[in-house]
Every structure is written in structure tokens, then in C-alpha cells.
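The primary structure of each chain is shown beneath.
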Amino acid sequence: MAASMVRDRVCRCLLRQTKHLEHVFCQNSVRNASYYVLLPEIPPDTAETNAVMRFKELPKFGFITPKDVVLGAAKLAIEFETKLGNHLEQLKDPQMEKTFENVFNPIEEISVPLNYAWRLAKHLSYIKGNEKFRESFQRIHSQVDQAKNERWISEPLYNAVKEVNADRSKLDCYQQQLLNLYLLEGHLNGIEISGSSRKKFIDILRKLTRERNTFRSKVMVCQNMFSQWVTDYSFVKNMSPAIISMMAADKQQPKVGPWQVTLQSQVYQAFLEHCHNRTLRWNVWQAYNSRAGPKHQERDLANHKIIHEIRLLRQDIADILGYNSFAHMSMETKMAGSVENVLTMLETYKNHFKPIAKEELEELQDFAVSEGFPHELQCWDVPYWRRIHKNQYYGINESQIAQYFPLSHVLNSLFKFCEKLFGIIIKDESDQNDNSLPDVKLFGVYDEKGEYRASFFFDPYAHQGKMSGTWMEIGRERSDLHDLKPFSYLVLNLHKPLVPSIPTLMTLQEVHMLFSEFGHGLQQMLTTVPYSEIAGQRNVEWDALHVCSSFMTMWLSDARTLKSLTSHYQTGEPMPDEMVDTLLKGQKHMIGFDMMRQLYLSALDMELYISKEHWHDIMNRIWDEYMLLPLSDDDAHPCSFTHIFSDQHPAAYYSHKWSEMIAADIFAAFEEVGLEQTELVSAIGRRFRDTFLALGGSISANKIFRMFRGRDPSPDVIKRIWK
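Keep in mind that what you see is a predicted model, and the values were worked out from it rather than measured. (Residues numbered from 1 in each chain as written. Predicted model: local features only at pLDDT ≥ 70, side-chain atom pairs only at ≥ 80, totals over all residues. Heavy atoms only, no water.)

Asker: Please set out helix H26 (residues 655-673) residue by residue, giving values where relevant.
Answerer: With 19 residues, H26 extends 28 Å between its outermost C-alpha atoms, agreeing within 8% with the 27 Å of an ideal straight helix rising 1.5 Å per residue. Here H26 lies mainly inside the structure; 15 of its 19 residues are buried. Directly beyond the C-terminal end of H26, a positive phi value near 95 degrees is found at Gly674. (Helix = DSSP H or I, 4+ residues; strand = E, 2+ residues; numbered from the N terminus. Expected span 1.5 Å × (residues − 1). Buried < 20%, exposed > 50% of the residue type's maximum accessible area, 1.4 Å probe, protein only.)

This is the structure:
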């Protein structure tokens, strides 16, 4: 999920440092002032009295209160800032010989406890139904975030790192990568800028932060403004019971109505797919795609001018730091390495998938006409007709399919799959940890020699107050200095059966999400990197972050693997081969159309941060290049493109496709030896474990790929994978 929400280093570097930079520039001597706003005095809490501070233990969730979160995290943040300040003062001493150990070890020592507390607080805010946990996390987040990021703008630390870097040949690859990280972070945070340029840099960051927040707020206001009530049950009857209940005015009688259509993503998508009334579909579609568009200008809710301002501000940042464009600057933290490589990938895929998408749309148009549809397909028609087309040609019945995917069998099969491929053993150790949360299990991860490697908590069920979605996030990074192994949180939102005799059944989409997130978790947990700041998924290039996730889901395109996950909840029989084949074909239904949509958004994002054209002209030009449906006059989707204007994907939206390309090339290595060749596949699986899963952010993703594949990645492989 959202695991993704915290990983774009460029945005994190540039957009959250305004207060720090202003603080340094103005030489503000009141270092802890921000904390006194939150707390009148330093909390007396210690590791003995507050579980949030016991970072060397696995958390016992039931014994942690919202007050513990606030006091424990705030105390650690204050200690972090105080100890970091003392460390930075020592580094100012010109007589002090700077070594890797005396520069970096003090930071590792204080970072691990604070990161543990912050991640625990965030996790509890996600999964607890208690609003106070969310309030607690909101109270401590900015303080902790600012404390952690102050080192990136410290001149004494930057100079000390440069001094150590001068003799880097004596250091191992992990230590050299930490040097690279700190030098790049310092550069991107403007550490080398001085005088009037520094003041200008700070002003730009302040303005950019304000504009980003305004952009997001206007989108959310417009989204929440829209509401349409429908009274005809036929408009919603084919939706899932959960969505119907979400829309119903009377939650106790969801089939009675009326039903409220909103622009919430789940409701919006379900309505477009299932509502047979074309006028209603258009009304909802245009409301969604015109959020914060020019038509909202009279209410001061339009973003079309803010898009221009954000692009200018980011270009100003790039100019000051010495880059041709913001897109070029973004490549500093990307595996792609250059704008040209990204554009080449997009162009290669466009040329391959556009003819496929054209055939798909023509077939869909013919099908719709045969069903009595008298119009040319438009954007608001495709979701509805593709659902009907898929169901008619593949006859996929979601409830019938789910009967073959009981959660317990899927989970055990996933563990066996990982044992065969990566040589790891996963054990249920719930009885060894009293987490006091119902249904949450604890698993231990061991290598082939039986040595403990990591743990993860598994929280499978939805409940009141729990955030929706599926994610696997790190709870504590590996740190050899603290002699700590990692652990992660794996969270699903499955519906718990009301009848005990019926097990939890998963849809195919939920199985995909489980495999995808477990791919993230494997990289988090199987790391062999000794330093927490580059262990697991930390410091992995943004466009390589989803490689392991995509790689895991590609195994679900293999009939043998997919069938091994199935066991009918009543008979225990595996899914019939014909049904497996139908599922595999269904997964590729309109794959070209979906690919072109993502390629369009990726190309639009890159062009907006390369070109100086007006955004509307860029949209028209890129749409004509990539999209096969006409662009509606009502469509102002860039005005609500929060991913690239207010969130974490500016000049980086292509990242998922890049990760998918790398994953396809990796998966091809297994295909080349034959997926049925167990021993050869296992050997390659161990190589994947010892490279991508073990090394994470300690080595550049390009080098790791070459270690695994023996060559550079090829964009041609994915064309074969999705043939």
C-alpha cells in the first residue's frame, strides 16, 4: 500500500526541510522549541516504564496506550536531537580524526530506537479502531520527522562525511554506500548553497510546500462535495455486498436503498463497472475527472494555475542545484539513471502495446454493439463493457473461485513456495508473543541452517476503525550495532466469516495482493546489510522498490504455482485445470489497454517536468500519442493528479512500470531453465535471495541486477511475459 507512501527520497529531501533550513539559516539557538509546543517538559518515561521505548523487543500491542505513544516517541525524539547535537558539535573539532565508526555509529545508535517507536506508532494508528491512536501519531509525527531529517542539513556532518570519503577505498561496500547516501542527501538538501542562493532556496521550498498542500486540499474538497443518490436497485445490484453496504443509507438493510454514489475510489470504480445507465456513469466519471479543474474556479477550488506554479518552483530547485530540469534531478535517486532511459522504455512499450490495445478496443466495441449498445465507446463506457465482456468470454465467478482459496491453505502454500525457492522456513510463533490483539499472529523466519533471520506479524481481518488496504511495512530494520534482526507488519483486510464452519475465503485479487506485499516483506526481512539506514528496502531506488513485489506476483501467471495455492474449502480438491487456465487468460484481459493508460500517465508526468509547454497542451499531445479513446472536453485529470503534484511521484510515476520491467527480466531467468526444473529453479531462487532480497539498498539496483543476470536489463522481456 501505502508502504509505498514513505519511499520517494527526492521529495522527502526537498519538501520537508523548510523549517530545518530556515532554522539553520537564521541560526536559531532554541534547538528544542518545537517539542515544547507539544510537551511542557521532557517526559520521565524510560524503557522500563514505556513499551514504545523497548526497541529490542517485539511489540506487545495490547500493553501500549495512546499516551505511551506520545510520551515515548517524544522522549526518544528529544534524546535523538540532543545526542545528535552533541555529536555534531564534536565533529566541528578540526583536531578530531574522522573515521567511519566515529562519524556514523553514534547516528546508528540513536536512529534505531526512534525509528522503531515512530513505525510502531504509525502501525497502531492504522490498525487500531481507537481514534486516539491516530491523534497520537499525528501529534508526534512532525517532531520525529524533523528530528530524523536534521542531519541532512548539518554542515559539520557533511564535512566529516567528505573527510571520511576521501579515504573510502579502505571501507567495505556497505560503508561506501552510506557515504554515498549522506553526500547525495546533503547535495539535494542544498547543503552546498550559501548566501542569497540559500535564502532563495528556502523561500522556494516554503512556497512549494504551501502549493502542494493547497493542491491536495482542493482535490479532496471537490471529491467530498460530490454526491449522487440512486433509488433503482438495478444500478447497484451486481456490486459486491461490501460496496452496496458502504453506499446504502440504511446499513442494516443495504438492499433497501437509496444508495449514495461518491467519488471514493472503491465506490467510483464499482459504479462505473456495474451501472447500466450510461448517463449516470458519465455524470460520475466527469465529476471524478474534473476534480479541482477549471470549472471549479468560481469557488476558488481550481488547480490549473497551481500546476503552473508547482512546475516553476520545482524547475527553480533544479536550476539552483545545477540540473537541466526537475526530471533530470529526480534521476539522481532512480535506477533508470537518466531521463533518456525512461523515455526509451516508455516509447518501446508504447510501440508494442498500442496495437494490442487498439485490437482490444475494437473487439470491445464490436461486443458492445452486439449487445445493443448504439454509441462509440467513451472513457466512461469501457469499465462497464469490459466487465461484461470478460464475464461472458471467461465465465469467471468470483464467489466460486474464492472457494478454492481458503486463507489458511494459501498462506501455508506461500510459505512452502518460499521455502523451495529461497530456502527459508517460516514458523508460527504466536504463542511466544502476547500481543493481545485477536487474530494477529506472529511468524518467525529461519534460514536453511535453522538460524533466526526475522519475524513478522500477520493481521488478516478488517474491523471497525482499521485502515483499508493491504500492506507489508518494516517494523524495525536490521542493525548489527544493536545486534537486532528485522521484523515487519503484514496487514490484510479480509472479511472474517460469520459462520465458524466456513473458513476465510480469498478472491484472486486478494491472493495477488498477498503475494505482492510479501515480496516487499521478503526484501525487508532477508536483508544481510548491517546498517539500518541501507538495510532492507531503505535506500532502494524508487523505481526499483517494487521489483521484488512484482516478481512474486509474476509467479501467479504460472499454472502450476497458481494451482498449488488452491484447495476447495469443502472437498480439499485442487482447482480443475480448465478453471486455472480460464483464470490465467482472464488476468490478461485488456492488458494492452491498461498498459497504455499507465504509460500515458508516466509520459505525462515526465513531460510536465521536462517541457516548458503549458500543461494543457502537454496533456493533449501526450494523450494523442498514447490513448485510443477521445479526450473529453470535461476531462481535466491533471488538476487532480495528486501523485505527481502533491504526493511522492513527481517525475517518478513511471517507477512501477520500470520495476515491472526488471521483475519480468528476473522471472525470465527462471523460465529460461524451465519452471518445472525444480533444482535449477531453486538454485536461481537462492541467487535472487542473495542479491535482491539480501542486498537491498546497500548496492545500486543496477549492480545487483548485473550480479543476478550477468547483463543489463532489457525492456524487450516484458513483451514476452505479457504476450
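After that view of the structure, there is still more to cover.
Asker: Go over empty space enclosed by the protein, please, and point to the residues and values.
Answerer: Inspection of the entire model under this criterion finds three cavities of 30 Å³ or more. Taken together, Gln523, Val540, Glu541, Ala544, Phe692, Gly696, Ala701 and Ile704 make up the lining of the largest cavity. Of the residues belonging to the lining of the largest cavity, the class tally is five nonpolar, two polar and one charged. (1 Å grid on protein atoms, 1.4 Å probe; cavity = no way out; pocket = protein on both sides within 12 Å on 5 of 7 lines; lining within 4 Å. Points joined across faces, edges and corners; volume = space filled by probe spheres on them. Nonpolar A, V, L, I, M, F, W, Y, C, P; charged D, E, K, R; others polar.)

Asker: How would you sum up the domain arrangement of the protein chain? Please name residues and give values.
Answerer: Each assigned domain of the protein chain is listed here: domain 1 (51-192) and domain 2 (401-593 + 655-722). With centres defined by C-alpha atoms, the gap from domain 1 to domain 2 works out at 29 Å. Contact with domain 1, which involves 36 residues of that partner, is made by 42 residues of domain 2. A combined buried area of about 3,300 Å² lies between domain 1 and domain 2, and 60% of that area is made up of carbon and sulfur atoms. Between the two partners, domain 1 and domain 2, sit three salt bridges. Taken together, the connections running from domain 1 to domain 2 amount to 13 residue pairs in polar contact (both at pLDDT 80 or more). Of all elements in the fold, only helix H5 (100-127) and helix H8 (173-188) reach the threshold of two or more residues within the side of domain 1 that touches domain 2. (Domains from an automatic or database assignment. Contact = heavy atoms within 4.5 Å. Buried area = accessible area lost by both parts, 1.4 Å probe. Salt bridge = Lys/Arg side-chain N within 4 Å of Asp/Glu carboxyl O. Polar contact = N/O pair within 3.5 Å; in protein donor to acceptor, adjacent residues only side chain to side chain.)

Asker: Describe in detail the packing of helix H23 (residues 591-608) against helix H24 (residues 615-626), supporting the description with residues and values.
Answerer: A pair of packed helices can be characterised by two numbers: the angle between their axes and the separation between those axes. Taken N-terminus to C-terminus, the directions of H23 and H24 make an angle of 145 degrees; their axes are 9 Å apart at the nearest point. As for how H23 packs across H24, the hand of that crossing is right-handed. Of the residues in H24, those in contact with Met596, Arg597, Leu599, Tyr600, Ala603, Leu604, Glu607 and Leu608 of H23 are Trp615, Ile618, Met619, Arg621, Ile622, Trp623 and Tyr626. Across the contact of H23 with H24, the residue classes break down as 12 nonpolar, no polar and three charged. (Axes fitted to C-alpha atoms, helices over the stretch in contact; angles between N-to-C directions. Left-handed = near helix turned anticlockwise from the far one by under 90°.)

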